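Structural description and commentary
In case you want the letters, here they are:
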Amino acid sequence: MALLAAFAAAYVVAAVLGRLTVLPDSSVSLVWPAAGVGVLWLLTRARRPWPWLDVVVLFGATGAVVAATGASLERAAVGAFATVVETVVTCAVMARGCRRVWAGRGTRALSHGELWWFLAAVAAGVVTSAPVTGLAVWLDSGFWSWEVLLLWCARNGEAVLVVCTMGLVVGAWLRRARTGLPIPGQVRRARPAEWVSVLVLTPAVYAAWFATLGEVALVFPLIVLTVWAGMRLPSPVVIVHSTVVSVVVLALTAHGVGPFVTLQSPTSQVAVAQLYVGLACVLGLALALAAEDRDRLVRDLAATRDEAQAQATLLTTIVDTMAEGVRVVDAAGRLVVRNPAATRLLLGGAAAGPAVDGEDGDDLAGLRRLDGSDLPPEEVPYRRALAGELVRETDLLVRPPGASASRIVTFTTARLPAARGGGVVTVMRDVTAERQELSRAAAMQASLLPARAPVVPGYELAARFVPARSVGGDFYDWQADEPGLVLTLADVMGKGPAAAILAASTRATLQAHAQGADVAATLAATEDAMADDLANAAAFVTAFRAHLDPSSGLVTYADAGHGLSFLVRADGSHEHLRALGPPLGVGFGAPREAATVRMAPGDVLLVFSDGVLDAAGGSLLDLRRHEPALRRAGSAREAADAVVALAAAAGPQEDDLTVLAVRREPGRGMAPPSPPTDPTKE
């Protein structure tokens, strides 16, 4: 309520001052600063409770002042209504177009974009209220005057333009003093001499000009002073300049001095003077706000440039200190960036400095395939990436100029966004030591696999092991066990060295706890022995272990979550040997079961790892594509090779491939029937 009372008091003072300039015989004031105070009043009180109260007080204050200064009650009421219409319409348009100013409640100065909405609001307010004012004049004097309507529009529009913009600047300064936030107008800096020249010399020049010249057309060159202020000074100073110009021009005109007094009537004189002042104010404010927007944009661009340079420097530092080589080419294959690590990998000590934009691909001349053969240009990693191919961890031999030995370097590429010009970034890493270590590990893992297949009369045995990463978590084993044969295929969760270590441990534990034909007991004992290792590694092992009685062809098997074993009959049909329990390491203590199946002459027992299933498509139904090749296989070796070949043809290998095949040779007699097989088989 204190704010309401303060604005009401300020409005009454402004209205009384305006009524002191009433024209004879019309009750129309030459100036009406209360129009600007009213708009500033509702703007500052925006979005507060009881908005109708402000309108009622505004109406009452206007009517009271007008009536108290000599107007009739009817004239006072209609004039007050016209004032309310103008103020409400102006604020309504500002609320729509100057939303930032409206939300600031009088504490945010106008921006260049909001200036035009503000001018539209001022025009809408005075034009809408002008007919009501004409009615008030008619009630008071009995005649309709277009000059009075022109004066109403000019004086009220100029008052709102000057008083409201000045009030917004003051409100913004108060907000800055209270919060420390910057406000518009602080970006530009002019010398103090210019401030003094504009604010002191302007009224003097106007006074001298008005006193010596009597033609209306000759007053417009004085707008040069406003242009000077708008181009050089902050918008708050320009508003002060416009206020000074307004006071000087209107005061001189009201006292009969200046070019505007050549017009016929005092109403026309003041109206044209108001229009001139409004034009000068709009011009100066538009120039100042536009210049501030330009200065602010330049400042923001400079800050953005500095930030981009800092980020570029940081990125360059990071890239240059990377252990991996980074090489970037544009969409045409021209070299853009090559960090020192890439220079060392590709050129050795021949070029230690940074790459120069536009260099050709001579730094890739030392690339070779792993077998030492030349690398065709179309197989260069960045060319493959430009052609749309995904290049991930591709190993190549690199022999820099002057080097005595080649290095193994892995290449990974990524396409750059076409919106940024396109191109390819290639990351290179020297994996020579890593590959050598993996090669030794692979050799050691291979040495742990059976060196040769045991000789089992009437049977053929074959196995294939293809790790995805030199070493893997798959393994197979076979052991002669009088009077039969024990077969094992296991798959440790994961890939790489960690899985290989756990696979070796599993193989050793199986051998240590082997219990002959009791394959279920062997798996149970192995799981118990490895319980701590599996729990600590958070891993599990799927395993298939079987005992073959060569004389009868009876296969006793236990399956711990593997489920990828098939008995392919000589007639082309097959039986799926299902898993009989969870993997080792899942559900410790669960009982292990065994089942039996009989191999007839010509049958093939085929066991493989999930890498084969993944290559086929991921489901058991996808394995049907292997059936034609398996029917054509004339031996266990051909069956194992057919499975591996089909998996390799499916694309890059993502998992280890292990295949174990046992074939009973045709023409061998069968022993007397054994007990019925387990119903879990298909």
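Residues numbered from 1 in each chain as written. Predicted model: local features only at pLDDT ≥ 70, side-chain atom pairs only at ≥ 80, totals over all residues. Heavy atoms only, no water.

**Some words on the overall build of the protein chain**
Selection criterion: Elements are defined by DSSP. Helices are runs of H or I of four residues or more, strands are runs of E of two residues or more, and each kind is numbered from the N terminus. Burial classification: accessible surface area is computed with a 1.4 Å probe over protein chains only, and a residue below 20% of its type maximum counts as buried, one above 50% as exposed, and the rest as partly exposed. Two residues qualify as a contact provided that any one of their heavy atoms is within 4.5 Å of a heavy atom in the partner residue.
Along its length, the protein chain carries 20 helices and 16 strands. The buried share of the protein chain, taken over its 682 residues, is 48%. Within the protein chain, contacts between residues separated by at least 24 positions form 67% of all contacts whose residues are at least 6 apart in sequence.

**Some thoughts on the nonpolar core**
Cut-off, in case you're wondering: The set of buried Ala, Val, Leu, Ile, Met, Phe, Trp, Tyr and Cys residues whose side-chain atoms join them within 4.5 Å is what this entry labels a nonpolar core.
Residues Tyr11 and Phe118 are the most contacted members of the largest nonpolar core, which totals 44 residues. Secondary-structure elements contributing two or more residues to this core are helix H1 (2-19), helix H2 (34-44), helix H3 (51-68), helix H4 (73-97), helix H5 (99-104), helix H6 (112-141), helix H7 (146-179) and helix H11 (266-321). Counting residues per element, this core draws most heavily on H2, at eight residues. Dropping the residues within four chain positions of it, Phe118 is found in contact with Met94, Cys98, Leu110, Val160, Leu161, Cys164 and Thr165. By size, the runner-up hydrophobic cluster in this structure holds 43 residues, among which are Tyr459, Leu487, Ala490 and Tyr557.

**Observations concerning the sheet that holds strand S11 (residues 554-560)**
Defined as follows: Strand pairing requires that DSSP identify at least two bridges connecting the strands. Simply put, an axis is a line fit to the C-alpha atoms, just over the touching stretch for a helix, and the angle between two N-to-C directions goes from 0 to 180 degrees.
In space, the five strands of this open sheet follow the order S8-S9-S10-S11-S14, with antiparallel pairing throughout. One side of each edge strand has no neighbouring strand; the edge strands of this open sheet are strand S8 (474-481) and strand S14 (595-598). Strand-to-strand twist in this sheet, taken as the mean axis angle between neighbours without regard to direction, amounts to 20 degrees. Pairing analysis gives eight bridges linking S8 to strand S9 (residues 484-492), with the strands arranged antiparallel. Note on S9: the bridge partner recorded for Trp478 is Leu487. Sitting on the sheet, helix H15 (residues 496-512) is in contact with S8, S9 and strand S10 (541-549), with an inclination near 15 degrees to S8. Strands S10 and S11 of the sheet are contacted by helix H16 (residues 519-529), whose axis makes an angle of about 25 degrees with S11.

**Observations concerning the confidence of the model for the protein chain**
In plain terms, the rule: pLDDT expresses, on a scale from 0 to 100, how confident the predictor is about each individual residue.
With 90% of its residues at a pLDDT of at least 70, the protein chain reaches an overall mean of 82. Across residues 669-682, where pLDDT falls below 50, the model places 33 contacts with residues more than four positions away in sequence or in other chains.

**Some words on the pairing of strand S12 (residues 565-568)**
Side chains Ser565 and Leu567 project from S12 onto one buried face, and the interleaved Phe566 and Val568 project onto a second face that is buried too. Examined bridge by bridge, S12 and strand S13 (residues 574-577) share four bridges and lie antiparallel to one another. Paired with Ser565 across the two strands is Leu577, which belongs to S13.

**Some words on helix H8 (residues 192-212)**
So the rule is basically this: Here a helix's expected span is defined as the number of its residues, less one, multiplied by 1.5 Å. The angle between axes fitted to the seven residues ending at a residue and the seven residues starting there is what we call the bend at that residue.
The terminal C-alpha atoms of H8 lie 30 Å apart, and with 21 residues this matches the ideal 30 Å at 1.5 Å per residue to within 8%. Roughly 40 degrees is the biggest bend found in H8, and it falls at Leu201, with proline Pro203 one to four residues downstream. Those residues of H8 lying buried are Glu194, Ser197, Val198, Thr202, Tyr206 and Phe210. Its buried side turned inward, H8 meets helix H9 (223-232), helix H10 (235-254) and H11.

**Regarding the sheet that holds strand S5 (residues 407-415)**
Strands belonging to one sheet form pairs held by backbone hydrogen bonds; the direction of such a pair is parallel or antiparallel. Strand order in this open sheet of six strands is S2-S1-S6-S5-S4-S3, and the pairing throughout is antiparallel. The sheet is open, and its two edges are formed by strand S2 (335-338) and strand S3 (367-368), each paired on a single side. Here strand S4 (residues 394-398) runs beside S5; their pairing, made up of five bridges, is antiparallel. Paired with Thr394 across the two strands is Phe411, which belongs to S5.

**Some points on the environment of Glu393**
Here Glu393 lies in the loop between helix H13 (381-386) and S4. Along the sequence, Glu393 and Phe411 sit 18 residues apart, while their C-alpha atoms lie 5.2 Å from each other. Excluding residues within four positions of it along the chain, Glu393 makes contact with Thr410, Phe411 and Thr412.

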